[in-house]
Each structure stands twice: as structure tokens, then as C-alpha cells.
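# Residue-level structure breakdown
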Amino acid sequence: MGDVSTGRAIRVGENALGLDVEAIRADFPILDQKINDKPLIYLDNAATSQKPRTVINALIDYYRKYNANIHRGVHALAEQATERYEATRSHVARFLGDIDRERVVFTKGTTEAINLIASSYGVEQVRAGDNVVVTEMEHHANFVPWFHLADSTGAELRRIPITVCGHLDLSRIDDIITDRTRIVAVSHMSNVLGTIVDLQPLIDRAHDVGAIVVIDGAQSVPHFPVDLSALDADFYVFSAHKMLGPTGVGVLVGQREILDAMPPYQYGGSMIQEVRFDRVTYESSPNRFEAGTPNIADVVAFDAALSYLEHLGMDAVRLHERELTRYALRKLQEVPGLELQGPADAEHRGGVFSFTDPDIHPADIGAYLDAKGIAIRAGHHCAQPLLRQMQKVATARASIYVYNDESDIDRLVAALVDMRTYFGVG
Ligand code: PMP
């Protein structure tokens, strides 16, 4: 387990819940390098996170020691690979509040998980005259599949608007979510505004009218505790790569009865009970939705990412990020003219900071910061409907994680101030 198992990552001192960022950084080999002759400051975590040594080693171990296809093998390597793959499923279930492991389906990411729900549940349940509800702050992954479903079935796509402060405006929720609503799809945390959404009113209203709720947890599960045993969500989805795990692994958690009643998403090996020339029967969940050889190596290595986060403690992760968010929101105001998006209050948001400069294009901000070794993102962040609503074409976006601290924010802010001089607008 490397550094994590020694407990070095937890600082016991002034703030027992705080993270020892220096020790954490030492667990991430990629961070120990220079970009454009400057020490790398990685602030593009909303796009993807970096991987600790334990995750990288788990991947290497898998290929060096027990690579085999799973579920069918009769030899030792196949048994070991199957056991480790299924152990990650159990670990995910524990991580999310000790839910039933059969509710956990592996996909290749959040995007595939939402497509699975739309093409299976959606195509079966949604008819012309029904409606599907999204919010104005959705990532394209939680918008385009619903747009396509509505477009192809003749259903109406409705949206919950946002307030000027970047929260969902629930004032007309009873008019938007009606007895013709079949699906309500909402992000737990916005990848542009950082807004953390209070899901309960939406879940309550959806269930009152007999609709199901799909929650995009791509930006929430990595950053704060999510207890699915307490949250009455029908579907909850997220990606491993944003929470220290490998790319190519997503998680779909569904209610058991709904999953088992849904038609399969893909057809082939591993998802069947019996195949005859004239009749095929399918497995129940989760195998029903995992046709073919899955991404064994990356699922196995994801287990190490979950262990790493558990060792830090998700409460401690949230506390660290909330304090750093508070710091960043204050410091970013030191940059003349900088316009910051999203809620101003760190209690109701995560560490995603979208901003614009009145005089400098976001792409130029990104390029300038890159020259200083600072990795951020510039663009529409796969949320064009939201940016249009904000009357922006693009923003610059810095986003934090467990290996960032005040010094990273200080360097970002100093570079943004220098940038204005460089561009002759300071
Ligand atoms: N939803 C949100 C809120 C996201 O931030 C992202 C990733 N940017 C996605 C969905 C899509 O995730 P993936 O690309 O891993 O499928």
C-alpha cells in the first residue's frame, strides 16, 4: 500500500481532520515534475485526477501476476482475476454506504452508464407525450442521451433553470415535473459552477409523480461522502478516473428491481443464462449489463483508489476541499476584473472555479498558465447549454483535489495577476 498504509497521509495536529498534502503529493509520481521549467501545479481535477503509486502498482501487478479472463476460467489465474474483479464490486458497494453489491454495474464511465439507462430503461418506458427533465447545469453526458431519447420517442425535454447565484431554481418544480414525467436527470455537483445540489426535493417530487431519478455523481463521489443507503435514488453513476482510479471504469448503481426488469444494453457473452437457437435467457444484474470481456485490469486497480480515499477519509477530503475552496474564493478576488462563476459560499459548492477575465480569452489564460506550469482547463466544459445561459462561449476552470493546497492557489492567483501585465491590460 506504500505511503498510505503507514498513515503518513493523515496529519495529527492542529487540525486532526486535515490532510497532510505534502505526504499525499509524494504518493503521486506524476506531480514530481517540471512543465515548461516550472514545478507542475495540477488544477484540472474536474477533467481527470492523477493516480497514486498504489493504483499504478495494482495495474502493473495485475498484468505481471494474474492476467486472465474472468468468470469462465477453471485455472488459478482466472480464479484470482475473477476474485479481484468481484472484490472491487464489493468495495464500491461498501464505499457507497454498504449497499447490496448486486446493484453495482461496471461500465466504461459516467457517459456509458447514462447511455445504458437511456437506451434500456428510457427506450422501454418513455413514449410520445411523456417528458424527461434535466437541469440547465448538466454536462453533455447527462444531457445529450436524454435529448436523443426525447427526440427519438417524441417526448418533451424539460429543464429546471438555475438562479443567478448558480443554484437550481426549484420554484416551479411542480409545473416542470408532472405526472407525464418519466425520468429526472440531475448532477449532484456541477462541473462548471461547483454547485452541490440538494437532491431530496427533486427525488421527492419525482417519486410523487412516479418518475425515476438519475443522478450524475461524476463530480460528487470523488469529493465528498455519498451514502446511497440513505439516498433514495433510482440510478447513481460516476467515473473511477476522477477519483484517483484508472480511466475506462464507470459505475452504475441502480435499484435492484429496476435493474432486473430492464432489457439488456448490449448482448453477447457473460450476460446470458442459456442460449439455444430459438431462445435466449439473460442473467440478472449486474452480469446482465456486463456483456463481453470487461475492463478487468482497470476495475482491479480501482480497488486501490477506493482504499486510498478511504484511508484519507471522505469526511477529511471534503473538509480539506471546503477550506481550500473558501481560501480560493477569497484569493481569486485579488485578480482585478476576474469574474468568478457559481455559488459564493463554500458550504454549498465544491472546488471547481470557473472564471473569465474581461480582457483575455479563456484559451489565452489556459496557454499563459501552462507556460507557468499550471494545468487548468479552458472551454465549454461539455456544458454548452449552461454556458449559453451564462452568456459565455468559454471559461477558464481550475479544480482542486486532495494533493492541492493554499500554495497552489497562491501560484495560480499570482500568475493570473502577472498575466494581466503580460497582456498589457494590468
Ligand atoms: N458528468 C459530469 C458532471 C462530468 O464532470 C463528467 C466528466 N467531465 C461526465 C459526466 C462524463 O464523465 P466521463 O467522461 O468519465 O464519462
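Residues numbered from 1 in each chain as written. Predicted model: local features only at pLDDT ≥ 70, side-chain atom pairs only at ≥ 80, totals over all residues. Heavy atoms only, no water.

Here we come to the site of the ligand. Around the ligand, a shell composed of G109, T110, T111, H139, A141, N191, D216, A218, Q219, S239, H241 and K242 is seen. The side chain of Q219 places a nitrogen or oxygen atom 2.6 Å from an oxygen atom of the ligand. Taking K242, its side chain carries an N or O atom lying 2.7 Å from a nitrogen atom of the ligand. Across the complex, the protein chains shield 85% of the 400 Å² of accessible surface that the ligand would expose by itself. In terms of residue class, the shell around the ligand is built from 2 nonpolar, 8 polar and 2 charged. (Near = heavy atom within 4 Å. Polar contact = N/O pair within 3.5 Å; in protein donor to acceptor, adjacent residues only side chain to side chain. Areas by Shrake-Rupley, 256 points an atom, 1.4 Å probe, with all protein chains shown as cover. Nonpolar A, V, L, I, M, F, W, Y, C, P; charged D, E, K, R; others polar.)

Time to look at the environment of V352. If you trace the backbone, V352 turns up in strand β14 (residues 352–356). Considering only alpha carbons, one finds V352 and Y368, 16 residues apart in sequence, at a separation of 19 Å. Filtering out sequence-adjacent residues up to four positions away, V352 remains in contact with A46, M189, S190, N191, V192, L193, G194, R397, A398 and S399. (Helix = DSSP H or I, 4+ residues; strand = E, 2+ residues; numbered from the N terminus. Contact = heavy atoms within 4.5 Å.)

Reading across the sheet, the 4 strands line up as β13-β14-β17-β16 and stay open at both edges, with antiparallel pairing between neighbours. The two strands at the open ends of the sheet, each matched to only one other strand, are β13 (339–340) and β16 (377–379). Both β16 and strand β17 (residues 395–399) contribute to a ladder of 3 bridges, which runs antiparallel. Note that in β17 the partner of A378 across the bridge is A396. (Pairing = 2+ DSSP bridges.)

Turning to the side chain of T181, a few remarks are in order. As for its placement among the helices and strands, T181 is situated in strand β7 (residues 181–187). A polar contact of 2.7 Å, which involves the side chain of T181, links it to the side chain of N131. A distance of 2.8 Å separates a polar atom in the side chain of T181 from the backbone nitrogen of T178. Beyond its immediate stretch of four places on either side in the chain, T181 contacts N131, V133, I176 and A211.

On to the side chain of R397, then. In this structure, R397 sits in strand β17. Accessibility expressed as a relative area gives 3% for R397, which makes it buried. Within the structure, the side chain of R397 is placed 2.9 Å from the backbone oxygen of N191, a separation counted as a polar contact. (Buried < 20%, exposed > 50% of the residue type's maximum accessible area, 1.4 Å probe, protein only.)

Let us look at the environment of G373. Take G373: it is sitting in the loop between α11 (362–371) and β15 (374–375). Separated by 336 residues in sequence, G373 and D37 place their C-alpha atoms 7.3 Å apart. Beyond its immediate sequence surroundings of up to four residues, G373 is in contact with I35, K38, P39, L40, I41 and R411.

Let us now look at the pattern of salt bridges. In the structure shown here, the tally under the stated rule is 28 salt bridges. Between K65 and D61 there is a salt bridge whose closest N-O contact spans 3.4 Å. In this pair, K65 and D61 both sit in helix α2 (residues 53–66), 4 residues apart, roughly one turn of the helix. Relative accessible area serves as the criterion here: at 54%, K65 is assigned to the exposed category. A salt bridge links D174 to R205; its shortest N-O distance comes to 3.3 Å. Taken together, the residues D174 in helix α6 (residues 173–176) and R205 in helix α7 (residues 200–208) connect sequence positions 31 residues apart. Given a relative accessible area of 19%, R205 falls into the buried group. Connected through salt bridges with shared partners, the residues E86, R89, R101, E102 and E290 form a single ionic network. (Salt bridge = Lys/Arg side-chain N within 4 Å of Asp/Glu carboxyl O.)

Attention shifts here to helix α4 (residues 110–125). In this model, α4 (16 residues) spans 21 Å end to end at C-alpha, consistent with the 22 Å of a helix rising 1.5 Å per residue. Taken as a whole, α4 carries its principal kink of about 25° at A118. For α4, the complete set of buried residues consists of T110, E112, A113, I114, L116, I117, A118, S120, Y121 and G122. (Expected span 1.5 Å × (residues − 1). Bend = angle between axes of the 7 residues up to and from the residue.)

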